Amino acid sequence: MQKLLFAGVVWLLSCGGLLAQSNGSRISGIVRTDIGEPLPGANVVLKNQSKGTSTDASGQFSLDARSGDELVISAIGYQTTNVTVGQKTTLDVTLRESASQLNEIVVIGYGTQDRKNLVGSVTQVNADEIKNRPVASFDQQLQGRAAGVQVAANTGVPGDGIFFRIRGTTSINASNDPLYVVDGVFVNNQSLQKITTQGQSNNPLADINPADIESISILKDAEATAIYGARAANGVVLITTKRGAYNSKMKVTLNASVGQAWAPKLWDLVTGPEHATIINEAWINDGKPAATRPFRPVAEGGRGLPEEQPTYDRLSDIFRTGALQNYDVAVSGGTKQTRFYLGGGYTSQQATLRTNDFSRASFKLNLDQDITDKIRIGTSNIFSQSNRTNARVGDGPQGGILQAALHTPTYLPKFNTDGTYAKWAGFDNLDVLINNTDMHSTSTRYIGNIYGEYDITDGLKLRSSWSIDYNDYNEYEYWNTLTNRGSASKGLATSSVSKNTIWINEQTLSYRRSFGTQHNFGVLVGNTFQGNVSTQTQAQGTNFPSDAFKQIASASVTTSTSIRNQYNLASFFGRVDYNFARKYFLEASLRADASSKFAAGHRWGYFPSAGVAWQLKQENFLKDVGFLSDLKIRASIGWTGNQNGIGNYASRGLWGGGNNYLDNPGTVPVQLANPELKWETTRQSNIGLNVGFLNNRIGLEINAYSKYTYDLLLQVPLAQSSGFASIYRNDGEISNRGLEFAINSLNINKSGFQWNTSFNIAGNVNRIEKLSIPVDASYATERMAQGYSFHSFYVYKQLYVDPKTGDAVYEDVNKDGKITVADRQFYGSALPKLFGGLNNTFSYKGFDLSVFFNFSAGNKVFNNNRFFHESGGTRDDRRAINKNQLTRWQKEGDITDVPRVTTIGNNYNLSPISRFVEDGSFIRLNSLVFGYSIPKTVLRKIGIASARIYYSGSNLWLVSNYQGPDPEVNVTADPTTQGYDLGTPPQPRSAQLGLNVTL
């Protein structure tokens, strides 16, 4: 295959060398705003070619062009202008201010396109609009910014995993995450973490510095994504990083910010006396003698009277005000043949939950070099190292630092009377965990590529690239003998080293040609070869001489394991686009992918797409309609595939070693083969409408879509008699149908004052259309079943609390007079019915203000903290109790939904129940940024091009009926579970002061 590929490239190059070339001339000029001021940073590009430049600080540019070439001149916030090169070699171009981004250049798969010519559904986000939000990764910054894109943080810990869905959930066991592409490099977003933090996982995308990003394009429909074939069933996120400008002066930019983060209002727990009163009440309600109640005078053998119990506020001990700091510096510029960008950054974020810290140091290098007028080479590079100090949050009492604070009764003391740490039932002493948790990890990452381009002839270009994403993830933990985990084994240490390498070789040949003034035609063909190799080595040691020895070599008992996985993917793809008079657009693509994960007969998957668009505004009957500046309808259909998230050898029968027979090594079968396993496939259709009013001062986009996924890659359980727990097979179908609405408007633009608004809202209906057997989530509160949506809660429905008896009454679904597992029913979903965002930006002279809200409506959250907190006395000294238990039934006639406290019956021994399924809807003031740009007349005197100081606030206001600090939580990174709250720290609030300087 490599020889064939090499021969093909040589043939293309030799053919290109035979094509005649005409000599060009040097064109120079200046770009101005509509008020006559020079416009620095404007892009000047030869249409249908990759060659181009940017204007310097004086608005000037120069580049080589031929007579008849068309220059495309654009800048953010201005209308794109096309200029045809004639006899003049000096140009003076004016760009008019634009009310919307309808004319901007949008990054799409393997190229760029004018937004007004788009056939597919693509949302592009300017990184400058989101960069000031103090989160560790760019994907979290996208929350609420794009219609149809649902983003939620699992925890309030910086650098933790993110729930990211584009147009719904399409799979059960395979991945639902989009494909992330950084400067053409397919990057890994699956966590390499192996040492548990109680279900959570670190986010590999946090290794990328958001300050280096120029723009983010989100490809949503099949017409936009099918060119990526097997990777694109869940959408594509294209990240374009910053580059220098040809023929421009060197520019230095500095950004520094410092601030603080703090937790919002926390959980309301009862006092020690209130806790003791409830426990005594449950004792009496159980029919036990009052004389033996737990909280009675010490002289009578009790723990003391309720009113004698102390109250300890452990939540204040574990939550803190975290320090935030961020520093970025970048140098960019270029000569006639070279452009460069160098960036360096450091960020440090303390979580509001103690012992969780995140820091990242990064370096960025982008370089492009014109070797000749026809040949250019370049490289993109990201180097980073991310360090984390972790803690166990989420499920599980052993080492759970938040659970030790949240679920330990408030009356239990920290220390015994002799000064030693008090032992708590089920949990570590919180002070022990705060002072002795020792979990940390280091992620060393390189993402980069090199490329070469050859302009064979006018409009015909060959590009070849090599890319790599290498991640070395090193983690370590030690549990000393003061902790429960460490004391059980006389010290416990675990070390894990995981490495993941993705390499890609890619070739594309593109041709673009205009015939006359009406016909515009483009073709793209290419191939990709990808390999993925992952290794993991883990060692564990127990029984240490003392806590002074923490390395595994000091342990008397050690164990170790190692794993190596790999898979390969070969792809061939092509795309054709045509438009007539820029009124009628047609685009079609086809990609063929072969994956080593499948058996020989099913390795190849074929993923076509087609789309059409009609620019009605260009028709004669609408050209003269003054208030209407844009009107386009679009339609597309296509198929994309999925093989991510399943094992690299999912179709094969596997044997494992390490199973010894007496003193002889042996092997056992560990996985059944399924040679019929094949691609999971998603069919998607989309209808879209783009409308612009009043010279595009108002821009409106509406999309309606339907996604249908079939041949789900599902891990199906097997009968125990088979000797295997499960097998992968194609089983099930899922649909997603939705509507997206986005509007951008320039509300006021006069007298130096400007007010812009952007708003988006989307709704998605998810349904499991076919599934042979129900599948329970990793937490048994959710079940996937035919006819219901993904992430549906499956619970006992509490109807009411009987005012006479105080007992909870549950719905007897099968009417057999008993409450059994057969009476569980579906009760809401963690998936929202509506979600979106609203942003308003204001500017007046040197001042600017941005206010951004995001919202979610109709989603449910299972509040498992409440399940444990409203224990009804069933857990006594093992769990804290919240204030909601104070509204319990206590006497006949009480109207409440909290039953009488007792350890007998179904009041508190039945789980999961609907009482803890809460409304997770919210409106959040996601970010508020206020800035002031110092006048340039002042700055010129000290040699500074621009300077801006700003205040940035995040998550400053939240409206929600959820009975917890924040409804945006999830206990686990497991994709089968969503909206499950247990021991999960809330999203922090933060405030920062920052300074941007350009030299």
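What counts, and where the lines are drawn
- Residues numbered from 1 in each chain as written.
- Predicted model: local features only at pLDDT ≥ 70, side-chain atom pairs only at ≥ 80, totals over all residues.
- Heavy atoms only, no water.
- pLDDT = per-residue confidence, 0-100.
- Contact = heavy atoms within 4.5 Å.
- Helix = DSSP H or I, 4+ residues; strand = E, 2+ residues; numbered from the N terminus.
- Pairing = 2+ DSSP bridges.
- Axes fitted to C-alpha atoms, helices over the stretch in contact; angles between N-to-C directions.
- Buried < 20%, exposed > 50% of the residue type's maximum accessible area, 1.4 Å probe, protein only.
- Expected span 1.5 Å × (residues − 1).
- Salt bridge = Lys/Arg side-chain N within 4 Å of Asp/Glu carboxyl O.
- Patch = residues over 30% accessible without salt bridge, like charges linked within 9 Å, V, L, I, M, F, W, Y side chains within 5 Å.
- Areas by Shrake-Rupley, 256 points an atom, 1.4 Å probe, with all protein chains shown as cover.
- Core = buried A, V, L, I, M, F, W, Y, C linked by side-chain atoms within 4.5 Å.
- Phe/Tyr/Trp six-rings, centres within 6.5 Å; stacked < 30°, edge-to-face > 60°.
- Lys NZ or Arg CZ within 6 Å of the ring centre and 35° of its normal.

Enquirer: I tried to follow the confidence of the model for the chain on my own but got confused; where do I start?
Expert: Detailed reading of the predicted coordinates is not advisable wherever pLDDT is low. Of the residues in the chain, 96% reach a pLDDT of 70 or more, and the chain-wide mean stands at 90. Residue range residues 1–23 is modelled with pLDDT below 50. Its contacts to residues more than four positions away, or to other chains, number 27 contacts.

Enquirer: Quick question: what am I supposed to make of the side chain of Thr681 here?
Expert: Inspection of the secondary structure assignment puts Thr681 in strand 32 (residues 680–693). When neighbours within four sequence positions are excluded, Thr681 is seen to be in contact with Phe607, Trp639, Thr640, Gly641, Tyr708, Thr709 and Tyr710.

Enquirer: I'm lost on the sheet that holds strand 13 (residues 179–182) in this one. Help?
Expert: In any sheet, the strands associate via hydrogen bonds between backbone groups, in a parallel or an antiparallel arrangement. Pairing within the open sheet is mixed, and its five strands lie in the order 10-15-16-13-14. The open sheet has two edge strands with one neighbour each: strand 10 (122–126) and strand 14 (185–187). Looking at each pair of strands side by side, their axes are set apart by 25° on average, direction ignored. As defined by bridge partners, strand 13 adjoins strand 14 across three bridges and the pair is classed as antiparallel. Opposite Val181, over in strand 14, you have Phe186 as the bridge partner.

Enquirer: Honestly, the side chain of Gln798 in this entry has me stumped. Any pointers?
Expert: Here Gln798 lies in strand 41 (residues 798–801). Residue Gln798 is classed as buried on the basis of its relative accessible area, which comes to 11%. Contacts of Gln798, omitting those with residues within four sequence positions, involve Ala808, Val809, Tyr810, Asp897, Ile913, Ser914 and Arg915.

Enquirer: What should I look at first to understand the sheet that holds strand 2 (residues 43–46) in this one?
Expert: An order of 3-2-5-6 is seen for the four strands of this open sheet, with the pairing classed as antiparallel. Strand pairing shows two members of the sheet lacking a second neighbour, strand 3 (52–54) and strand 6 (81–84), which therefore form its edges. The mean angle between the axes of side-by-side strands here comes to 20°, regardless of whether they run parallel or antiparallel. Sheet topology places strand 2 next to strand 3; three bridges connect them, and they run antiparallel. Paired with Val45 across the strands is Gly52, a residue of strand 3.

Enquirer: Please explain helix 4 (residues 272–285) as it appears in this structure.
Expert: Three- or four-residue spacings in an α-helix give side chains the same orientation, since the helix completes a turn every 3.6 residues. Spanning 14 residues, helix 4 covers 20 Å between terminal C-alpha atoms, matching the ideal 20 Å at 1.5 Å per step. Trailing helix 4 by a residue or two, Gly287 shows a phi angle of about 85°, which is positive.

Enquirer: Sorry if this is basic, but what is going on with the pattern of salt bridges here?
Expert: One pass over the full model with this rule turns up 44 salt bridges. Salt-bridge contacts for Glu619 lead to Lys583; the nearest nitrogen and oxygen are separated by 3.6 Å. Placement of the pair is Glu619 in the loop between strand 28 (604–615) and helix 9 (620–623) and Lys583 in the loop between strand 26 (557–580) and strand 27 (584–595), with a sequence separation of 36 residues. Overall, the relative accessible area of 17% leaves Lys583 in the buried class. Salt bridges linked by common partners bring Asp370, Arg376, Glu453, Asp455, Lys461 and Arg463 together as one network.

Enquirer: How do you make sense of a nonpolar patch on the surface when you look at a structure like this?
Expert: A grouping of Phe572, Leu590, Trp604 and Tyr606 is seen on the molecular surface, where their side chains present a nonpolar patch of about 420 Å² in accessible area. Within the secondary structure layout, Tyr606 lies in strand 28. With a relative accessible area of 54%, Tyr606 lands in the exposed category.

Enquirer: So what exactly am I meant to see when it comes to the pairing of strand 10 here?
Expert: Each regular strand displays side chains that alternate between the two surfaces of the sheet. Judged by how many residues are buried, strand 10 sits mostly within the fold: five of five residues are covered. Two elements, strand 10 and strand 15 (residues 213–219), share five bridges in a ladder whose sense is antiparallel. Its bridge partner being in strand 15, Val125 is matched across the sheet by Ile216.

Enquirer: Explanation requested: the nonpolar core in the structure shown.
Expert: Counting 37 residues, the largest nonpolar core has Trp267, Leu315, Ile318, Phe319, Leu353, Ile401 and Leu430 as the members making the most contacts within it. It is helix 6 (residues 401–406) that contributes the most residues to this core, five residues altogether. Setting aside its immediate chain neighbours within four residues, Leu315 contacts Leu266, Trp267, Leu269, Ala405 and Leu406. In terms of nonpolar packing, the next biggest core, distinct from the first, is built from 25 residues, Ala146, Leu205, Ile208 and Ile447 among them.

Enquirer: Would you take a moment to explain the packing of aromatic side chains for this structure?
Expert: Two aromatic rings are characterised by how far apart their centres lie and by the angle between their planes. Within this structure, the stated rule accounts for 32 aromatic pairs. With a centroid separation of 6.0 Å and 35° between ring planes, the pair formed by Phe363 and Phe383 is classed as tilted. Taken together, the positions of Phe363 in strand 20 (residues 357–370) and Phe383 in strand 21 (residues 375–389) put the pair 20 residues apart, joining distant regions of the chain. Exposure remark for Phe383: the relative accessible area of 37% places this residue in the partly exposed category. A connected cluster of aromatic rings, assembled from ring pairs, spans Tyr110, Phe186, Tyr228 and Phe573. Here the basic side chain of Arg314 rests over the ring of Trp424, its NZ or CZ set 4.4 Å away from the ring centre. In this arrangement the basic side chain of Arg875 is found over the ring face of Phe867, its NZ or CZ atom lying 4.8 Å from the centre.

Enquirer: Honestly, the pairing of strand 23 (residues 460–479) in this entry has me stumped. Any pointers?
Expert: Relative to strand 23, strand 22 (residues 439–457) is paired through 18 bridges, and the arrangement is antiparallel. By the bridge assignment for strand 23, Tyr451 is matched with Ser465. A loop of two residues connects strand 22 with strand 23, the two strands running antiparallel in sequence, and Gly459 in this loop sits at a positive phi of about 85°. Across 20 bridges, the pairing between strand 23 and strand 24 (residues 492–515) is antiparallel. Opposite Glu477, over in strand 24, you have Thr494 as the bridge partner.

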